[in-house]
Amino acid sequence: MLYDIRLLLHYDYAAAAGGGRHQVRVLPPTIGGVQRVIAASLSFEPAPNERSDFTDFFRNNVTSIAFRDAHEALDIRMSARVSVSRPEPGLDVSPDIGRLRRELAAVRSLAPASPHHFLVASGHAGMDAAITTYAQDSIGGSTAGTAMSLCQRIHHDFTYDGEATTVRTLASDAFRLKRGVCQDFSHIMIAGLRGLGIPAGYVSGFLRTIPPKGKPRLEGADAMHAWVKVWCGRDAGWQEFDPTNGMRASNDHITVGYGRDYSDVAPIVGVLKTTGGQVGEQAVDVIPVMLEKV
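Residues numbered from 1 in each chain as written. Predicted model: local features only at pLDDT ≥ 70, side-chain atom pairs only at ≥ 80, totals over all residues. Heavy atoms only, no water.

The chain goes by Transglutaminase family protein in an unreviewed UniProt entry, where it is assigned to Mesorhizobium salmacidum.

Next up, the structure:
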């Protein structure tokens with residue numbers, strides 16, 4: 001699938017900011033065999049006094065910006081054309097959890113994609129006895145089967161509610177509420193799998209805005225989306241699941257970044273020299289590109 005993506009992040013400040021420094025993670029990467037970025041641009045209004053682009057430890061695209069002049073608002077605009085071609089799931093060759101642990105013990109790498117980075121508690125996805133107990137009911141057969149079961153149970157048991165939580169909500173709090181948004185459901189799934197000894201991480205990205213003909217519109221398509229990557233063993237590798245929609249990640253899912261939880265891939269983090277609060281808005285369009293036949 002080929003997509004044109006448009007993202008606007010808009011922030012209004014209660015009082016003019018006298019300066020600021022931010023890191024922005026919204027540019028999708030090229031991922032071998034899955035995703036190719038054909039063109040992309042990122043702009044800011046007002047224009048920052050400083051700008052640098054780099055990749056972080058998890059190989060996410062990061063733009064660092066700094067402002068020295070007073071400004072009352074900030075607009076961040078990203079546009080990209082991205083091709084997504086995820087391979088169809090093949091035969092499930094993932095081990096059961098017991099063998100997964102032995103395979104994990106044999107991994108000696110601490111490279112960015114090493115499963116060891118995604119096995120222990122993190123800020124938003126801490127170990128929680130209640131979540132682990134809930135996840136245990138999904139154990140059965142293979143690691144991938146366990147992950148798919150938990151993904152579908154979260155989709156069934158939890159209510160999508162954009163007013164129930166904030167970006168600061170922890171997995172344990174969202175679990176007790178039994179409601180939230182894609183970020184919360186992903187954190188709950190991550191915490192549950194880690195509690196079982198299965199490495200799991202956070203994926204930030206987009207969903208196509210217009211569904212295929214005859215297909216329902218996916219939850220979370222109006223903003224940046226989140227789902228979960230799961231290490232399913234030496235042979236099966238990393239696989240991705242969307243608990244908000246109870247499905248595997250498909251060609252409808254466009255990746256922006258990977259991390260241990262939301263804090264590693266937040267669209268924008270930083271500091272402001274100001275007083276008072278701020279109000280933010282987000283607008284996303286992910287439009288399939290229909291190419292003319294020659």
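On to the sheet that holds strand E12 (residues 247-248). Pairing is antiparallel across the open sheet formed by five strands, whose spatial order is E12-E11-E10-E9-E13. In this open sheet, the two edge strands, each paired with only one partner strand, are E12 and strand E13 (253-259). Here strand E9 (residues 200-207) pairs with strand E10 (residues 225-231) via six bridges, running antiparallel. Looking at E10, one finds that glycine 205 is bridged to histidine 225. (Pairing = 2+ DSSP bridges. Helix = DSSP H or I, 4+ residues; strand = E, 2+ residues; numbered from the N terminus.)

As a further point, take the nonpolar core. Counting 38 residues, the largest nonpolar core has Ile154, Ile188, Met189, Leu193 and Val230 as the members making the most contacts within it. Of all the secondary structure elements, the ones that give two or more residues to this core are helix H1 (97-105), helix H2 (129-136), helix H3 (143-157), helix H4 (171-177), helix H5 (182-195), E9, E10 and helix H6 (262-265). The leading source of residues in this core is H5, at seven residues. Setting aside residues no more than four positions away along its own chain, isoleucine 188 makes contact with Ile131, Ile154, Phe158, Ala171, Ala174 and Phe175. (Core = buried A, V, L, I, M, F, W, Y, C linked by side-chain atoms within 4.5 Å. Buried < 20%, exposed > 50% of the residue type's maximum accessible area, 1.4 Å probe, protein only. Contact = heavy atoms within 4.5 Å.)

Right, let's get into the packing of H2 against H5. At a minimum axis distance of 8 Å, the contact between H2 and H5 shows a crossing angle of 80°. Here H2 is positioned roughly perpendicular relative to H5, judged by the angle of their axes. Contacts from Ile131, Thr132 and Ala135 in H2 reach Ile188, Ala191, Gly192 and Gly195 in H5. Within the contact of H2 with H5, the residues separate by chemical class into four nonpolar, three polar and no charged. (Axes fitted to C-alpha atoms, helices over the stretch in contact; angles between N-to-C directions. Parallel < 35°, antiparallel > 145°, perpendicular 65-115°, else oblique. Nonpolar A, V, L, I, M, F, W, Y, C, P; charged D, E, K, R; others polar.)

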